[in-house]
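For reference, the chains in residue letters:
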Amino acid sequence: MTSRLNLAGFTQEYIVGIEELDEQHKTFFTLLDKIGKAAPDMYRPLDEDEADAVIDVLNELRDYALLHFRTEEGYMQEIDYPGLAGQKREHNRFITDVIRMERELMNGTAMPAITIRNFMHDWYRDHILNLDKPFGQAYKKIKG
Ligand SMILES: [Fe+2]
Ligand SMILES: [Fe+2]
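Being a predicted model, the structure only gives us computed values, none of them experimental.

Caption draft 1: Seen up close, the environment of histidine 25. Tracing the backbone shows histidine 25 in helix H1 (residues 19-38). When the C-alpha positions of histidine 25 and arginine 125 are compared, they lie 9.7 Å apart, and in sequence the two are 100 residues distant. Residues within four places of histidine 25 in sequence aside, it is in contact with Phe10, Val16, His68, Glu72, Tyr124, Ile128 and Asp132. Separated by 3.3 Å, the side chains of histidine 25 and glutamate 72 make a polar contact.

Caption draft 2: Structural view of the coordination of the iron ion (ligand 1). Looking at the iron ion (ligand 1), one finds its protein donor set to be Glu72 (OE), Gln87 (OE1), His91 (NE2), His127 (NE2) and Asp132 (OD), positioned 1.9 to 2.3 Å from the metal centre. Residue glutamine 87 is classed as buried on the basis of its relative accessible area of 2%. We classify aspartate 132 as buried; its relative accessible area is 1%.

Caption draft 3: Layout of unusual backbone geometry. Positive phi is not limited to glycine here, since aspartate 80 has a value of about 50 degrees. By the element assignment, aspartate 80 lies in the loop between helix H2 (48-78) and helix H3 (84-106). Residue aspartate 80 is classed as exposed on the basis of its relative accessible area of 66%.

Caption draft 4: The coordination of the iron ion (ligand 2), seen in detail. The protein atoms that coordinate the iron ion (ligand 2) are His25 (NE2), His68 (NE2), Glu72 (OE) and Asp132 (OD), at distances spanning 2.0 to 2.2 Å. Of note is the iron ion (ligand 2), whose 4 donor atoms meet at the metal with angles of 85 to 173 degrees in an arrangement that counts as irregular. Going along the chain, you hit the donors of the iron ion (ligand 2) in the pattern H-x42-H-x3-E-x59-D. The distance between the iron ion (ligand 2) and the iron ion (ligand 1) is 3.4 Å, with glutamate 72 acting as a donor to both metals. Remark: glutamate 72 occurs in helix H2 and histidine 25 occurs in helix H1; sequence separation between them is 47 residues.

What counts, and at which threshold
Residues numbered from 1 in each chain as written. Chains lettered and ligands numbered in written order. Predicted model: local features only at pLDDT ≥ 70, side-chain atom pairs only at ≥ 80, totals over all residues. Heavy atoms only, no water. Helix = DSSP H or I, 4+ residues; strand = E, 2+ residues; numbered from the N terminus. Contact = heavy atoms within 4.5 Å. Polar contact = N/O pair within 3.5 Å; in protein donor to acceptor, adjacent residues only side chain to side chain. Donors = N, O, S within 2.8 Å, 3.2 Å for Na, K, Ca; no water. Buried < 20%, exposed > 50% of the residue type's maximum accessible area, 1.4 Å probe, protein only. Tetrahedral: all angles 85-135°; square planar, octahedral: opposite > 155°, others 65-115°.

Coordinates in, geometry out; function isn't part of it.
Put into structure tokens, the structure is as follows:
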């Protein structure tokens, strides 16, 4: 069994309908693949070198998430979206969780890469489906 089984990337069901946001979501799922490259056996606890490589990927993912959240919240402000505060809260929680994982890795906590990868993947999937998609619909209703 290779570690690349079961890795689902961006699919059509994630389409929010705002092109810039869809492109960013797509890029996020592509960046996620880098975790698998940094730690080829995703089911084994990371050794020190792998942990360093995964921390680099997490840094990149966190920077990209920050850029994306800023962009997305900008679209929300444009239409005075009532869900903005809730979205901001969730976005901040994600960043806090990523920082916590980076810190755990830096402190030598041996976790398998799949734990990190699944957390990222599942967070983004649930967030897009439950929060970003309803926003996309609200945005299109107003902007056409
Ligand atoms: Fe969002
Ligand atoms: Fe998003």
